[in-house]
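Chain residues, written in single-letter form:
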Protein chains: 2
Amino acid sequence: MKVELVSNILDANTAIAEQNRQLFARKGVFVLNLMSAPGAGKTTILEKTIETLGDQLRVGVVEGDICTTRDAERIAAHGIPVVQINTDGACHLDANMILRSVQNLPLNELDLLVIENVGNLVCPAEFDLGEDLKAMVISVTEGNDKPTKYPLMFRESRAILVNKLDLQPYTDFSLDVLGKDLAELNPQAKVFPVSAKTGEGIAEWCQWLVDTVMVKNQSPK
Amino acid sequence: MKVELVSNILDANTAIAEQNRQLFARKGVFVLNLMSAPGAGKTTILEKTIETLGDQLRVGVVEGDICTTRDAERIAAHGIPVVQINTDGACHLDANMILRSVQNLPLNELDLLVIENVGNLVCPAEFDLGEDLKAMVISVTEGNDKPTKYPLMFRESRAILVNKLDLQPYTDFSLDVLGKDLAELNPQAKVFPVSAKTGEGIAEWCQWLVDTVMVKNQSPK
């Protein structure tokens, strides 16, 4: 009973996600679903990414939070289109929230839509939003045990940003250990060690993102 | 439909939580539900707490994780009774998981049962487990915006441990700002600034915990 319920919810979500995917393809916009635990630094990374991309890509953002419009305000300060979803307690974004929110974005004028998911290392990874790319952030202060303890998100993400490198000297986090765990869980994942604070590694991440978007967004608008 | 569903699940959970609460009262064991985002340091704080309590309280632990037995192994190394719950993807513990797992613990011989919840700043706060006390950990590296962005857990917790104080000089986290947000959300909350790494503040937290347990556990075994 419980299992069937969950599967129905996920089936309904998958159907709407497919609808989103077709909409994004028609509009020629590449969609990135950015996930992490709370406080890993998604919004700061996104701000640095927007600055670094400059006019290479026209970026829009959907901000997912349980409440407040703080993150959307931070993004709006960069002068790009943003909508805020407040989930009102729900622990993840779903495809229907995305379908409704993107009505308020000028999709025809975007190359890249970034969906910043609710800060949660568990549930967001289960819900297809119709995105082209799932990426996640893990910060070095969270510890090396996270990939084995929360494997789904690490398995589903094509890119993994390891943030707060500036704090690494004060922690026992090891990139080698992360690499070994990912060799088991997700050997294809691209790993980007970054510090959103100092800017280290952001250029490499942005270059990869531009290349990935360009490969997909061939269709003229 | 969706709302009714959630409310049914929560109603069913509340009924079992009440059953747990009566069981714990009969056994004279005080139950602490310890919550946080992933990587905030719950397990390390718990290890330091066990060491500091020494023989002041007889402690048992329920470890909640999506998968792996890593945390239970860390706790078992301290020579105290522990059971591991693997939620197999679920993002929180519920009352039924607790009811089943405590069958494997010598409740008659415990003063304090600590339930370490799944690392998640959202969902665990919604589920009553039958505990006497909800406490949470926020680490300074997670940032000052967490109470307003994830208010439920901050509202529900009687004690809030602010961990990784040793890293505070390298972040812009402010205890004053936290205090102001809590004045709105939860003015009664006891705040304990700690560093599980250096041990700073752990004695104060343990003393408060012993006092709180003693007030409740009057009944002879």
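Predicted model, so just to flag it, every value in this text is computed and none were measured.

Chemist: What is the right way to look at the overall build of chain A in this model?
Modeler: Check the secondary structure of chain A and you find 8 helices and 7 strands. Each of the three principal axes of chain A carries a C-alpha extent, and together these read 50 × 45 × 35 Å. Excluding contacts between residues fewer than 6 apart, the proportion of contacts in chain A whose partners are at least 24 apart in sequence is 74%. Carbon together with sulfur atoms contributes 52% to the accessible area of chain A, which is approximately 9,100 Å² in total. Taken together, the 21 basic and 30 acidic charged side chains of chain A have centroids lying 1 Å from each other.

Chemist: Even after reading the chapter, I still don't get the interface of chain B and chain A, so can you show me in this structure?
Modeler: The figure often quoted for interface size is the accessible area lost as the parts come together. Each side of the interface is counted separately: chain B has 36 residues, and chain A has 36 residues. Roughly 2,800 Å² of surface becomes buried between chain B and chain A when both sides are summed, with 58% attributable to carbon and sulfur atoms. Together, B:Pro38, B:Lys149 and B:Tyr170 form the three largest contributors to the area buried by chain B at its contact with chain A, with a combined 21%. If you look at where chain B meets chain A, you find 4 salt bridges. A:Lys149 serves as the salt-bridge partner of B:Asp65, at 3.4 Å between the closest nitrogen and oxygen. Linking chain B with chain A are 13 residue pairs in polar contact (both at pLDDT 80 or more), by the criterion used here.

Chemist: Mind showing me how you'd approach the pattern of salt bridges here?
Modeler: Opposite charge on two side chains permits pairing when their charged atoms draw close. Residue and element names in this part refer to chain B. Counting across every chain of the model gives 24 salt bridges over all chains. In this structure, Arg 21 engages Asp 128 in a salt bridge whose closest nitrogen and oxygen atoms are separated by 2.8 Å. You can see Arg 21 sitting in helix α1 (residues 2–27) and its partner Asp 128 sitting in the loop between β4 (112–116) and β5 (133–139), a full 107 residues away along the chain. Across the pair Arg 74 and Glu 47 runs a salt bridge, and its minimum N-O distance is 2.8 Å. Of this pair, Arg 74 sits in helix α3 (residues 70–76) while Glu 47 sits in helix α2 (residues 42–53); the two residues are 27 residues apart in sequence, bridging distant segments of the chain. With relative accessibility at 29%, the residue Arg 74 sits in the partly exposed group.

Chemist: I keep staring at the packing of α2(B) against helix α8 (residues 202–216) of chain B and nothing clicks. Help me out?
Modeler: Between two packed helices, both the angle of their axes relative to each other and the distance between the axes serve to describe the pair. All names here are of chain B. Interaxial distance between α2 and α8 falls to 10 Å at its minimum, and their mutual angle equals 70°. It follows that α2 is roughly perpendicular to α8 by the angle criterion. Handedness of the α2/α8 crossing: right-handed. Two secondary-structure elements touch here, α2 through Ile 45, Lys 48, Thr 49, Thr 52 and Leu 53 and α8 through Ile 202, Ala 203, Trp 205, Cys 206, Leu 209 and Val 210.

Chemist: Teacher, can you tell me more about the sheet that holds strand β7 (residues 190–193) of chain B here?
Modeler: Each strand in a sheet pairs with another by means of backbone hydrogen bonds, the pair being arranged parallel or else antiparallel. All names here are of chain B. Read from one edge to the other, the open sheet built from 7 strands follows the order β3-β2-β4-β1-β5-β6-β7, with strand pairing classed as parallel. Looking along the sheet, the strands with just one partner apiece sit at the ends: β3 (82–86) and β7. Adjacent strand axes in the sheet meet at a mean angle of 20°, parallel and antiparallel pairs treated alike. Both strand β2 (residues 59–65) and β4 contribute to a ladder of 5 bridges, which runs parallel. Considered in β4, the bridge of Val 61 is made with Val 114.

Conventions used here
Residues numbered from 1 in each chain as written. Chains lettered and ligands numbered in written order. Predicted model: local features only at pLDDT ≥ 70, side-chain atom pairs only at ≥ 80, totals over all residues. Heavy atoms only, no water. Helix = DSSP H or I, 4+ residues; strand = E, 2+ residues; numbered from the N terminus. Contact = heavy atoms within 4.5 Å. Areas by Shrake-Rupley, 256 points an atom, 1.4 Å probe, with all protein chains shown as cover. Lys, Arg positive; Asp, Glu negative; His and termini not counted. Charge placed at Lys NZ, Arg CZ, Asp CG, Glu CD. Buried area = accessible area lost by both parts, 1.4 Å probe. Salt bridge = Lys/Arg side-chain N within 4 Å of Asp/Glu carboxyl O. Polar contact = N/O pair within 3.5 Å; in protein donor to acceptor, adjacent residues only side chain to side chain. Buried < 20%, exposed > 50% of the residue type's maximum accessible area, 1.4 Å probe, protein only. Axes fitted to C-alpha atoms, helices over the stretch in contact; angles between N-to-C directions. Parallel < 35°, antiparallel > 145°, perpendicular 65-115°, else oblique. Left-handed = near helix turned anticlockwise from the far one by under 90°. Pairing = 2+ DSSP bridges.

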